[in-house]
Amino acid sequence: MKKNDIRTLTRLALLVAIELVMKAVGLGSVPVGPLYMSFLTLPIAVGAITMGPAAGAVLGGVFGAVSFYDAVTGASAMTGALFQVSPVNTFILCVGMRVLMGLCTGLIFNAVKNFDKPGTWSYIVSAMCAPALNTLFFMGYIVLAFYGCDYVQNLVSVKGAANPLMFVVLLVGVQGVAEFLVSGILGGIVARAVRKFLK
C-alpha cells in the first residue's frame, strides 16, 4: 500500500470517528419536531472537499447508516414511522440519499475549484452544498416515496401545506437555514484550512 493511500485512509477514518462521536454526544443530530437538525454534514463536506467525491460518498454512507439505525430502533420519530411503511424505501432515504449527497458535494467542489484560483469562495460554496443537498435529497425522496402515507399526510395537515413543495418548506423551515449556514460556513473554513495544511 502506498504512503498516500495510508494517509487518505487515516484521514477518512478520523472523519468517520468524528461523525460517530458527534452523533454519540448529541452534536450531530439535534431533534426539532419530527426531524433532526443535522450537523453531520460538516465532516462529510470536509472529507468530500479535501479527499474527493469517493470519500464524501463513504462519509455520507456512515451518516446514512447511523440514520437508518435510528429508524430501525425508533430513535427518530419520522424515519421510525417511515420504516414501518417501507423498510426498503427507508433504507434508500437514510443511506442512499446521504451517499449521493456526499458524492455530489465532492463533485461540485471539483467543478467549482477551477474557477476559484485563489481558493476563497469555492470551499464555502461546496460546503454549503452538503446540507442543502442533504435536505433536498432527503425531503425530495420523502415526497416521492412516502407522501401518500398516513404519517406524512398527518404532517401535511398539521402544517397546513397545500402541496408537496409547501410541505417541505414548512417542515424544514428555520432548521434548514441553520444547517445550511452553520455546516456550510464552518465546513468551508475547516476544509480550506485542512487542504492548506495538507499541501
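Reading guide: rules and limits
- Residues numbered from 1 in each chain as written.
- Predicted model: local features only at pLDDT ≥ 70, side-chain atom pairs only at ≥ 80, totals over all residues.
- Heavy atoms only, no water.
- UniProt positions renumbered as here; feature names shortened; annotations may be inferred.
- Helix = DSSP H or I, 4+ residues; strand = E, 2+ residues; numbered from the N terminus.
- Core = buried A, V, L, I, M, F, W, Y, C linked by side-chain atoms within 4.5 Å.
- Buried < 20%, exposed > 50% of the residue type's maximum accessible area, 1.4 Å probe, protein only.
- Contact = heavy atoms within 4.5 Å.
- Axes fitted to C-alpha atoms, helices over the stretch in contact; angles between N-to-C directions.
- Parallel < 35°, antiparallel > 145°, perpendicular 65-115°, else oblique.
- Left-handed = near helix turned anticlockwise from the far one by under 90°.
- Nonpolar A, V, L, I, M, F, W, Y, C, P; charged D, E, K, R; others polar.
- Salt bridge = Lys/Arg side-chain N within 4 Å of Asp/Glu carboxyl O.
- Polar contact = N/O pair within 3.5 Å; in protein donor to acceptor, adjacent residues only side chain to side chain.
- Phe/Tyr/Trp six-rings, centres within 6.5 Å; stacked < 30°, edge-to-face > 60°.

## Focus: the UniProt feature "transmembrane region" (unreviewed entry) in the chain
Those residues carrying the UniProt feature "transmembrane region" (unreviewed entry) are residues 12–30, 36–59, 90–109, 121–147 and 167–191 in this numbering. The span residues 90–109 shows a helical share of 100% and a strand share of 0%, and its end C-alpha atoms are spaced 28 Å apart. Helix makes up 93% of residues 121–147 and strand 0%, and the two end C-alpha atoms of the span are 37 Å apart.

## A few points about the nonpolar core
L82, M139, I142, V152 and F167 are the most contacted members of the largest nonpolar core, which has 45 residues in total. Put simply, the parts of the chain that give this core at least two residues each are α1 (3–24), α2 (41–51), α3 (53–73), α4 (77–85), α5 (87–112), α6 (122–146), α7 (150–159) and α8 (164–198). Looking at this core, the element that brings in the most residues is α6, giving 11 residues. If we skip the residues at most four places from it in the chain, I142 touches M78, L82, L93, Y147, V152 and F167. Within the second largest apolar cluster, five residues are counted, among which are F68, F83, C94 and V95.

## Some thoughts on the packing of α4 against α6
At a closest axis distance of 12 Å, the pairing of α4 and α6 adopts a crossing angle of 30°. Here α4 lies roughly parallel to α6, going by the angle between them. Of the two possible hands of crossing, α4 and α6 adopt the one that is left-handed. Every residue of α6 that contacts α4 at M78, T79, L82 and V85 is listed here: F138, I142 and F146.

## Some remarks on the packing of α2 against α5
It is at 8 Å that the axes of α2 and α5 come closest, and there the two elements cross at 45°. In terms of orientation, α2 and α5 fall into the oblique class. Remark: the crossing between α2 and α5 carries right-handed chirality. Here α2 contributes T41, I44, A45, A48 and I49 to the contact with α5, which in turn contributes M101, G102, T105, G106 and F109. Here the residues of the contact of α2 with α5 are counted per class, giving six nonpolar, four polar and no charged.

## Considerations on the pattern of salt bridges
Taken as a whole and assessed by the stated rule, the structure comprises one salt bridge. With a shortest N-O distance of 2.6 Å, K23 and D70 are connected by a salt bridge. Pair noted here: K23 is in helix α1 and D70 is in helix α3, with a separation of 47 residues, a long-range link. Accessibility expressed as a relative area gives 22% for K23, which makes it partly exposed.

## Remarks on the environment of A13
Mapped onto the elements, A13 comes out in helix α1. Each C-alpha atom, one on A13 and one on L59, is 9.3 Å from the other, the two residues being 46 residues apart in sequence.

## A word on the side chain of N134
Note on placement: N134 falls in helix α6. The buried category is assigned to N134, whose relative accessible area is 6%. A distance of 2.7 Å separates polar atoms of two side chains, one belonging to N134 and the other to R98.

## Observations regarding the environment of C104
With respect to the helices and strands, C104 occurs in helix α5. Sequence separation of C104 and A130 is 26 residues, and the distance between their C-alpha atoms is 8.1 Å. If we skip the residues at most four places from it in the chain, C104 touches L133 and F137.

## Regarding the packing of aromatic side chains
For the coordinates displayed, the defined rule picks out four aromatic pairs. Taken together, a centroid distance of 5.0 Å and an interplanar angle of 50° make the contact between F109 and Y123 tilted. On the criterion of sequence distance, the pair formed by F109 in helix α5 and Y123 in helix α6 is long-range, its members being 14 residues apart. Owing to a relative accessible area of 6%, Y123 belongs among the buried residues under this scheme. Plain terms: the ring middles of Y147 and F167 are 5.9 Å apart, the flat faces sit at 65° to each other, and that makes the pair edge-to-face. Of this pair, Y147 sits in the loop between α6 and α7 while F167 sits in helix α8; the two residues are 20 residues apart in sequence, bridging distant segments of the chain. Taken as a pair, Y147 and F167 share a single burial class, namely buried.

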